[in-house]
Amino acid sequence: PTERNYSFKSGVNIMFGCNNFCSYCIVPYVRGRERSRNPKDILREIEKLSGDGVKEIMLLGQNVNSYGLDLKDGTDFSKLVAAVDDIDGIERVRYMTSHPKDMTFAMIDAIADSKKVVNHMHLPIQCGSDELLKKMNRGYTVEHYLELVDYARKRMPDLVLTTDIIVGFPGETEAMFEDTLNLLKRVQYDMAYTFIYSPRTGTPAAKMEDQIPQEEKSRRLQRLMDVQNVYSLAKNKEMEDHVYDVIVEGPTKNDANYWFGRTTGNKMIIWENDGSVAIGDTVPVQVDKGQTWVLKGHLVH
């Protein structure tokens with residue numbers, strides 16, 4: 001807590017460890033079982049951050065949706081979100097990462113009803129095949145996942161939805177991969193973080209038969225990105241000519257004359273700096289051009 005990269009935003013751990021044992025992941029073996037922090041300690045930390053000028057916080061956990069279940073006192077993620085809402089000075093609350101297995105309609109309601117939790121939801125699906133999801137030990141079906149997505153979009157019409165997808169998991173057939181492509185077309189995410197499956201020593205998936213050749217994994221990744229990029233671009237194009245409040249993060253890496261900030265939906269907007277804003281300011285920016293990965297715009301004075 002004493003070392004922060006940004007003066008205006010900070011991560012806050014709400015839990016440690018993981019109970020899920022996805023068959024490709026080493027985290028539960030390395031970090032141990034889920035341990036939720038006492039909510040009073042979390043709220044005290046956020047109050048102190050607010051007093052230091054922090055206006056955006058990220059609630060962090062391997063699986064924030066199961067926060068509080070180990071405390072067995074009725075504490076859960078919904079109640080924590082509602083309590084954080086009451087802390088003065090905090091403008092935005094983000095959270096990372098959600099797990100569809102533990103996401104509930106009640107949690108979606110709490111997020112939708114919150115004054116401060118942002119309209120960006122990162123909900124990793126990993127693949128579009130129920131058979132593969134079972135092999136991955138993910139604990140949900142595609143149908144259940146789609147019910148969550150549809151409900152979240154009903155409650156939050158301006159929802160920005162992102163996901164994680166793994167291609168080339170052991171045993172993934174062409175038909176299973178097509179299921180994932182079809183899921184992308186059905187959901188139309190704002191963005192997908194895509195990964196080629198790579199074995200982690202000590203995990204069940206590393207010992208599975210039917211490992212996919214590297215060339216085929218690379219081909220599938222490209223096909224996946226070709227589908228997703230169409231939706232990413234279309235979603236960003238839809239933002240053109242609209243004005244969004246962004247928190248100023250400072251100059252871009254490539255050009256100090258251009259600054260950037262993020263919308264509540266975590267979309268990055270770049271504009272030409274005229275010296276009128278400071279890092280940490282919340283300012284209105286109009287989007288002039290939507291691109292696949294980034295938006296370009298101008299400050300609205």
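Whatever comes next refers back to the structure up there.
Residues numbered from 1 in each chain as written. Predicted model: local features only at pLDDT ≥ 70, side-chain atom pairs only at ≥ 80, totals over all residues. Heavy atoms only, no water.

**So, the sheet that holds strand S5 (residues 92-96)**
Cut-off, in case you're wondering: A pair of strands is labelled paired if DSSP reports no fewer than 2 bridges between them. Each helix is a run of H or I in the DSSP string that is no shorter than four residues. Each strand is a run of E no shorter than two, and both are numbered from the N terminus. Orientation is described by lines fitted to C-alpha atoms, with helices fitted over the stretch in contact, and by angles between N-to-C directions that extend from 0 to 180 degrees. Note on contacts: a residue pair is in contact if any heavy atoms of the two residues lie within 4.5 Å.
The strand order across the open sheet built from 3 strands is S1-S4-S5, with neighbouring strands paired in parallel fashion. In this open sheet, the two strands that pair with only one neighbour each are strand S1 (9-13) and S5. For this sheet, the mean inter-axis angle between neighbouring strands, taken without regard to orientation, is 25°. Of the strand pairs in this sheet, S1 and strand S4 (residues 56-60) are connected by 5 bridges, and their pairing is parallel. Of the residues in S4, the one forming a bridge with Gly11 is Met58. Sheet strands in contact with helix H2 (residues 39-51) are S1 and S4, and its direction is about 170° off that of S1.

**So, a negative patch on the surface**
Applicable threshold: Nonpolar side chains (Val, Leu, Ile, Met, Phe, Trp, Tyr) within 5 Å and like charges within 9 Å form the patches, drawn only from residues with over 30% relative accessible area and no salt bridge. Here the accessible surface of atoms and residues is derived via Shrake-Rupley with a 1.4 Å probe, and residues count as covered only by protein chains that are part of the display. Criterion for a salt bridge: a side-chain nitrogen of Lys or Arg within 4 Å of a carboxyl oxygen of Asp or Glu. The positive count covers Lys and Arg only, the negative count covers Asp and Glu only, and His and the chain ends enter neither. The atom standing in for a charge is NZ when the residue is Lys, CZ when it is Arg, CG when it is Asp and CD when it is Glu.
Taken together, Asp130, Glu143, Glu147 and Asp179 make up a surface patch of like negative charges. Examined against the element boundaries, Asp179 turns out to sit in helix H7 (residues 174-187).

**Here's the deal with the packing of H7 against helix H8 (residues 214-237)**
Cut-off, in case you're wondering: Roughly parallel covers angles under 35 degrees, roughly antiparallel covers those over 145, roughly perpendicular covers 65 to 115, and oblique covers all other angles. Here a crossing is called left-handed whenever its near helix is offset anticlockwise from the far helix by less than a right angle, and right-handed whenever the offset is clockwise. Under the scheme applied, nonpolar residues are Ala, Val, Leu, Ile, Met, Phe, Trp, Tyr, Cys and Pro; charged residues are Asp, Glu, Lys and Arg; polar residues are all the others, including Gly.
H8 packs onto H7 with a crossing angle of 15° between their chain directions and a minimal axis gap of 10 Å. Judged by the inter-axis angle, H7 sits roughly parallel to H8. For the element pair H7 and H8, the recorded crossing hand is right-handed. When H7 is examined against H8, the residues Glu174, Phe177, Glu178, Thr180, Leu181, Leu184 and Lys185 are found in contact with a partner set consisting of Glu216, Arg220, Arg223, Leu224, Val227, Gln228 and Tyr231. Taken together, the residues that form the contact of H7 with H8 break down as 6 nonpolar, 2 polar and 6 charged.

**Remarks on H2**
Test applied: In this analysis, the expected span of each helix is defined as 1.5 Å times one less than the number of residues it contains. With a 1.4 Å probe rolled over the protein chains alone, any residue whose accessible area is under 20% of its type maximum counts as buried; one over 50% counts as exposed, and the rest are partly exposed. Our arc is simply the arc of the directions from the helix axis toward the C-beta atoms. Between N or O atoms, a polar contact is any pair within 3.5 Å; within protein, one atom must be a potential hydrogen donor and the other a potential acceptor, and residues adjacent in sequence are included only when both atoms are from side chains.
Between its first and last C-alpha atoms H2 spans 18 Å; for 13 residues at 1.5 Å apiece the expected length is 18 Å, and the two agree. Ile42, Leu43, Ile46, Leu49 and Ser50 are the residues of H2 that are buried. Buried residues along H2 cover an arc of 120° about the axis, so they all sit on one side. Every exposed residue of H2 that faces more than 90 degrees away from the buried side is listed here: Lys40, Arg44, Lys48 and Gly51. A side-chain oxygen of the first residue of H2 lies 2.7 Å from the backbone nitrogen of Lys40; this N-cap is Asn38. One or two steps after H2, the chain reaches Gly53, where phi turns positive at roughly 100°.

**Details of the pattern of salt bridges**
Evaluation of the coordinates by the stated rule reveals 19 salt bridges. The shortest N-O distance in the salt bridge between Asp52 and Lys48 comes to 3.6 Å. Arg223 is the partner of Glu174 in a salt bridge, and the nearest nitrogen-oxygen pair spans 2.9 Å. Of the two residues, Glu174 sits in helix H7 while Arg223 sits in helix H8, which places them 49 residues apart along the sequence. Its relative accessible area of 32% is what places Glu174 among the partly exposed residues. The class of Arg223 is partly exposed, set by a relative accessible area of 29%.

**Considerations on the packing of aromatic side chains**
Worth spelling out the cut-off: Under the pairing criterion, centres of Phe, Tyr and Trp rings, with the six-membered ring standing for Trp, must be within 6.5 Å; the plane angle then separates stacked pairs below 30 degrees from edge-to-face pairs above 60, leaving the rest tilted. The criterion is that NZ of a Lys, or CZ of an Arg, lies within 6 Å of the ring centre and within 35 degrees of the ring normal, and then a charge sits over that ring.
For the structure on display, the rule yields 7 aromatic pairs. Measuring from centroid to centroid gives 5.3 Å for Phe21 and Tyr29, while their planes differ by 80°, and the two rings are edge-to-face. Overall, Phe21 belongs to the partly exposed group, its relative accessible area being 27%. Judged by centre distance (4.3 Å) and plane angle (15°), the ring pair of Phe105 and Tyr151 falls under stacked. Of the two residues, Phe105 sits in helix H4 (residues 105-113) while Tyr151 sits in helix H6 (residues 142-155), which places them 46 residues apart along the sequence. Classification of Phe105 as partly exposed rests on a relative accessible area of 38%. For Tyr151, a relative accessible area of 16% gives the class buried. An aromatic cluster is present here, built from Tyr24, Phe169 and Tyr197 joined pairwise through their rings. The ring of Tyr6 has Lys9 sitting right over it, with the charged end atom 4.5 Å from the ring centre.

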